[in-house]
Amino acid sequence: MSTLFISDLHLCAQRPDMTAALVRFLERDAPKADALYVLGDLFEFWIGDDDPNPLHRQVAEAFLALSRQDVPIYFIHGNRDFLLGKAFAKRAGMTLLGDPCVIDLYGERVLLSHGDLLCTLDLGYQKFRRITQQKWLRWLFLRLPLTRRQAIACKMRGQSQMENAGKSQTIMDVTPAAVDALLRQHGCRLMIHGHTHRPAVHDFMLDGKPARRIVLGDWFEQGSVLSCSPQGQRLESRPLSE
Ligand code: OKV
Ligand code: MN
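Note that the structure is a prediction, hence the values are computed from the model and not measured.

A.B. asks: Before we go on, may I ask you to explain the coordination of the manganese ion (ligand 2) in this structure?
C.D. replies: Metal coordination angles have textbook ideals: 109.5 degrees for a tetrahedral set of four donors and 90 or 180 degrees for an octahedral set of six. For the manganese ion (ligand 2), the full set of protein donor atoms is Asp 41 (OD), Asn 79 (OD1), His 114 (NE2) and His 195 (ND1), at a range of 2.0 to 2.3 Å. Counting gaps between the donor residues of the manganese ion (ligand 2) yields the pattern D-x37-N-x34-H-x80-H. One end of the pair, Asn 79, is in the loop between strand E3 (73-76) and helix H3 (86-92); the other, His 114, is in the loop between strand E6 (108-112) and helix H4 (123-132), and 35 residues separate them in sequence. For the residue pair Asn 79 and His 114, the accessibility class agrees, reading buried in each case.

A.B. asks: I would appreciate a short explanation of the nonpolar core in the present structure.
C.D. replies: Soluble globular proteins tend to bury their nonpolar side chains together. One finds Leu 22, Phe 25, Leu 36, Leu 42 and Phe 63 to be the most contacted residues of the largest nonpolar core, which totals 38 residues. Contributing elements (two or more residues each) for this core: strand E1 (3-6), helix H1 (16-28), strand E2 (35-38), helix H2 (54-67), E3 and H3. Residue contacts for Leu 36: discarding those within four places in its chain leaves Leu 4, Ile 6, Phe 25, Leu 26, Phe 63, Leu 66, Val 71, Pro 72, Ile 73 and Tyr 74. Val 110, Ile 192, Leu 226 and Cys 228 belong to the second-largest nonpolar core, a separate cluster that totals 16 residues.

A.B. asks: Would you mind showing me how to read the pattern of salt bridges here?
C.D. replies: Counted under the stated rule, the structure contains 13 salt bridges. Put simply, Asp 29 and Arg 238 hold a salt bridge, and the shortest N to O gap is 2.9 Å. Taken together, the positions of Asp 29 in the loop between H1 and E2 and Arg 238 in strand E11 (residues 232-239) put the pair 209 residues apart, joining distant regions of the chain. Asp 29 gets classed as partly exposed once you look at its relative accessible area, which sits at 26%. For Arg 238, a relative accessible area of 16% translates into the label buried. In this structure, a network of salt bridges that share partners links the residues Arg 24, Arg 28 and Glu 242.

Definitions and cut-offs
- Residues numbered from 1 in each chain as written.
- Chains lettered and ligands numbered in written order.
- Predicted model: local features only at pLDDT ≥ 70, side-chain atom pairs only at ≥ 80, totals over all residues.
- Heavy atoms only, no water.
- Donors = N, O, S within 2.8 Å, 3.2 Å for Na, K, Ca; no water.
- Helix = DSSP H or I, 4+ residues; strand = E, 2+ residues; numbered from the N terminus.
- Buried < 20%, exposed > 50% of the residue type's maximum accessible area, 1.4 Å probe, protein only.
- Core = buried A, V, L, I, M, F, W, Y, C linked by side-chain atoms within 4.5 Å.
- Contact = heavy atoms within 4.5 Å.
- Salt bridge = Lys/Arg side-chain N within 4 Å of Asp/Glu carboxyl O.

Geometric values such as these leave the question of function open.
Next up, the structure:
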């Protein structure tokens, strides 16, 4: 009995080793699980489900094969693949969830999020988020020809890379007060998220009772998988290749 959580793979055509590691994980480890949760930033960028990028088909097929083995797959959007839509989810056999969302994990209420909404001190990013979350702007963007979308997205990524170079670690990490507020709001004592690429289990006190925040890692140098069972949680890293 176990439920698996991954996030922040940031898959792209330039890193076939990371895609290969994910496919191996989906073929070997995930079929034994009760469910798989992908907590965002599965892809490095996403400009529409109609993008003919062969990577998308490869990843969709690997997830679909898992879902056909009766392992439910849930997806929460990240800040990079927030445009990933129902068409792709269907091809991959995944169910899209909102951010944040509460699940029942072996009897415990658990709060899941990508985690970017907790980084309230990163004002530059929060502005980007406010703009790109406008429904009408998304609608407009998705109706542009693919080549225009590619050009805009490429430019925005270049800009963002320059801005992030000048930000401190504290600004890019989660705000503890935002964590407390979200847990309280949803009546949870355990939160699981990604985004910061700082894998860790944080134990702390919330209103006089123990609480826990588990942060998943990225897949750049090694895989990062959280396995939860009725006995507890294990945050593991696994080599990208044998
Ligand atoms: C994803 C991030 C690029 C961060 C653009 C409206 C607008 C969507 C978009 C374009 C960019 C996603 C979809 C990408 C995340 C970046 C740069 C910084 C901090 C519009 C709706 F505004 F142009 F109309 N985009 N892409 N960033 O390349 O995947 O997360 S992206
Ligand atoms: Mn992220």
